[in-house]
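Commentary on secondary and tertiary structure
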Amino acid sequence: MQSQLLRLTVLLTFILPNLQNLSAKELENPRAITVIGTGYVGLVLGSCLAEIGHQVTCCDVDSRKISSLERGEIPIYEEGLEDLVHNNTIKNRLFFTTSLKNAVLESDIIFITVGTPETLSGEANLDYVFSAAQLIGENLNRTKTVFVKSTVPMGTIIKIKEVIQAHNSANVPFSIGYAPEFLREGTSVSDFMHPDRVVIGVENTETSQLFTEIVQPILDDGAKILTTSIASAEMIKYASNSFLAVKISFINEIADFCEKIGADVEEVALGMGLDKRIGQSFLKPGPGYGGSCFPKDTLAFLKSADKNSIHLSIIDAAVQSNNTRCEKILTRMEKTLGTFQGKKIAVLGLAFKENTDDVRESPSLKIIDYLVQKKAYVKSYDPIATQNALKFYPELNIARTLYEAFEDCDAIIVATPWNLFTQIDWQIVKQICRGSFVFDTRNILCPMEVKNAGFSYMGIGKKPLME
Ligand SMILES: NC(=O)c1ccc[n+]([C@@H]2O[C@H](COP(=O)([O-])OP(=O)(O)OC[C@H]3O[C@@H](n4cnc5c(N)ncnc54)[C@H](O)[C@@H]3O)[C@@H](O)[C@H]2O)c1
């Protein structure tokens, strides 16, 4: 019930008004577009391109994913996405297929949005992008333009072009562009429709003009488009993600210092962020960055720089800081609690951030891992991400409701900043749980409210409030 309310609030506040703005616009020249890879990026891209008027076919090698989409079931959780997929499927503007070959043969514009996960050595695994490139090359039946959206290291787009050409036996002309994706999971539909900027890396002006024409309704809404060389676009994507990762690690370390000397990191972040040169965003301390992008992209960027004999020492330091982040804050909690051994801990949140079901590299799972190693008994709750978490961590002990998680627990850890957790009635919780410790790793609770209910409150980078 609470999660439905949360979804409805986000839908009414952020998604629907934005979609209504866009549906009023008509595309002058709708195109037949194929999107290869139907994950978080591909499905959002495909359904948003359909929403602005294009004829889109999303294809994937994962037949279960495609079958569920054909049945109208959305395999990922993103606000507004379900409506977008349904509306555009009904309007015959959005199709799903596992027949990659046909999807490539039938369109003139192809987007590559397959995954580029981390290899064991920390580099980006490019097998999936090269396999998509080979398929395109083998099926170049007429002139086509390929736009890559997958995040790839410096120099990859030219290699993708070479792979396509190596399989282009009829020597059909084609062009390539790199359109890095900047959407944030949790708000990706809104981010796609209202981006801060759109970047397109190209080899010629025709390709950038075509891209501009495809996304024109989004640009009409005020977004800036920046056309660059392919190398610059590749660099912009990794440099942007790494910069944000650095900002997070930076404020996390400042938070540690604040705790030591009795300053409040939220006041500090506000004071810093009011300076326009610094800005407010990404100055929230917590258990470290996670998700499917920052951890792998920072590592891949370091590896790519290494190969070019460049040492990105600032990014390296941010990665090191992030690697030890969870352990650092858990050690502090353990000191307060005496020991984790044998304690019952409620961990609130499994997703790597709010409003998503994505648990890849989630700090919450790292926290649970640590607690289990320390022989604590963990019960967790997440409004959306449970099924995905169970795929990574089948032995997780999951509460069916939020309040069930508190039953007989000795301590509570807020691990994901779901808005739902800000609405907890701490007076009720006090009656259900055994202990009196609340660790808010996201600083989302009202410390006084928690304390007044009889708990000791510990946030990040601020003085604890003891009961
Ligand atoms: N998730 C994000 O927030 C985000 C944001 C910006 C950029 N990116 C980048 O976009 C890319 C995709 O990320 P994602 O999160 O959507 O990944 P994902 O894992 O959710 O989806 C990738 C999809 O590609 C499919 N696939 C793999 N090989 C294929 C092939 N040869 N042909 C067709 N389909 C194939 C997989 O089955 C999967 O469904 C990555 O490079 C990522 O770094 C992701």
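What you see is a predicted model; the values in this text were computed from it and never measured.

1. Overview of the sheet that holds strand β4 (residues 109-112)
An order of β3-β2-β1-β4-β5-β6-β7-β8 is seen for the 8 strands of this open sheet, with the pairing classed as mixed. In this open sheet, the two strands that pair with only one neighbour each are β3 (94-97) and β8 (224-229). Sheet twist, expressed as the average angle between the axes of neighbouring strands with direction ignored, equals 25°. Of the strand pairs in this sheet, strand β1 (residues 32-36) and β4 are connected by 4 bridges, and their pairing is parallel. In the strand pairing of β4, I36 is matched with I112. In this fold helix α6 (residues 127-138) packs onto β1, β4 and β5 (144-148), with an angle of close to 165° to the strand it touches most, β4.

2. Topic: the site of the ligand
With respect to spatial proximity, 27 residues lie near the ligand, and among them D60, K65, T116, E185 and K296 are the closest. The backbone of T151 places a nitrogen or oxygen atom 2.9 Å from an oxygen atom of the ligand. Measuring from an oxygen atom of the ligand, one finds a side-chain N or O atom of R360 at 3.1 Å. Against a free-state accessible area of 840 Å², the protein chains account for coverage of 90% of the ligand. Of all the secondary structure elements, the ones that give two or more residues to the shell around the ligand are α2 (40-51) and α6. Counting only domains with at least three residues in the shell around the ligand, you end up with domain 1 (2-228) and domain 2 (239-323).

3. Regarding the packing of aromatic side chains
In total, this model carries 11 aromatic pairs according to the counting rule given. Between Y289 and F294, the aromatic rings sit 6.0 Å apart at their centres with planes inclined by 75°, giving edge-to-face as the arrangement. Like F294, Y289 is buried. Between F437 and F439 the ring centres are 6.2 Å apart and the planes differ by 10°, which places this aromatic pair in the stacked class. Residue F437 is classed as partly exposed on the basis of its relative accessible area of 21%. Linked through ring pairs, Y403, F406, W426 and F455 together constitute an aromatic cluster. Seen from the ring of F182, R197 lies directly overhead, with NZ or CZ sitting 3.6 Å from the centre. In this structure, K430 packs its charged tip against the face of F455, placed 5.1 Å from the ring centre.

4. A look at the pattern of salt bridges
Evaluated as defined, the whole model comprises 19 salt bridges. Across the salt bridge formed by R332 and E259, the nearest N and O atoms sit 3.0 Å from each other. Residue R332 is located in helix α15 (residues 325-337), and its partner E259 is located in helix α11 (residues 230-261); the two are separated by 73 residues in the primary sequence. By relative accessible area, E259 is classed as partly exposed at 24%. Through salt bridges with shared partners, a single ionic network connects E185, D358 and R360.

5. Section: the environment of V372
Within the secondary structure, V372 sits in helix α16 (residues 363-373). Separated by 27 residues in the primary sequence, V372 and I345 place their C-alpha atoms 9.9 Å from one another. Non-local contacts of V372, meaning those with residues more than four positions away in its chain, are made with V378 and Y393.

6. Overview of the packing of α11 against helix α13 (residues 294-307)
Where α11 meets α13, the closest approach of the two axes is 9 Å, and the angle between their N-to-C directions is 115°. Between α11 and α13 lies a crossing whose hand is left-handed. Residue-level inspection shows M235, K237, Y238, A239, N241, S242, L244, A245 and I248 of α11 in contact with α13, the latter providing F294, D297, T298, A300 and F301. Residue composition of the contact of α11 with α13, by class: 9 nonpolar, 3 polar and 2 charged.

Conventions adopted
- Residues numbered from 1 in each chain as written.
- Predicted model: local features only at pLDDT ≥ 70, side-chain atom pairs only at ≥ 80, totals over all residues.
- Heavy atoms only, no water.
- Pairing = 2+ DSSP bridges.
- Helix = DSSP H or I, 4+ residues; strand = E, 2+ residues; numbered from the N terminus.
- Axes fitted to C-alpha atoms, helices over the stretch in contact; angles between N-to-C directions.
- Contact = heavy atoms within 4.5 Å.
- Near = heavy atom within 4 Å.
- Polar contact = N/O pair within 3.5 Å; in protein donor to acceptor, adjacent residues only side chain to side chain.
- Areas by Shrake-Rupley, 256 points an atom, 1.4 Å probe, with all protein chains shown as cover.
- Domains from an automatic or database assignment.
- Phe/Tyr/Trp six-rings, centres within 6.5 Å; stacked < 30°, edge-to-face > 60°.
- Buried < 20%, exposed > 50% of the residue type's maximum accessible area, 1.4 Å probe, protein only.
- Lys NZ or Arg CZ within 6 Å of the ring centre and 35° of its normal.
- Salt bridge = Lys/Arg side-chain N within 4 Å of Asp/Glu carboxyl O.
- Left-handed = near helix turned anticlockwise from the far one by under 90°.
- Nonpolar A, V, L, I, M, F, W, Y, C, P; charged D, E, K, R; others polar.

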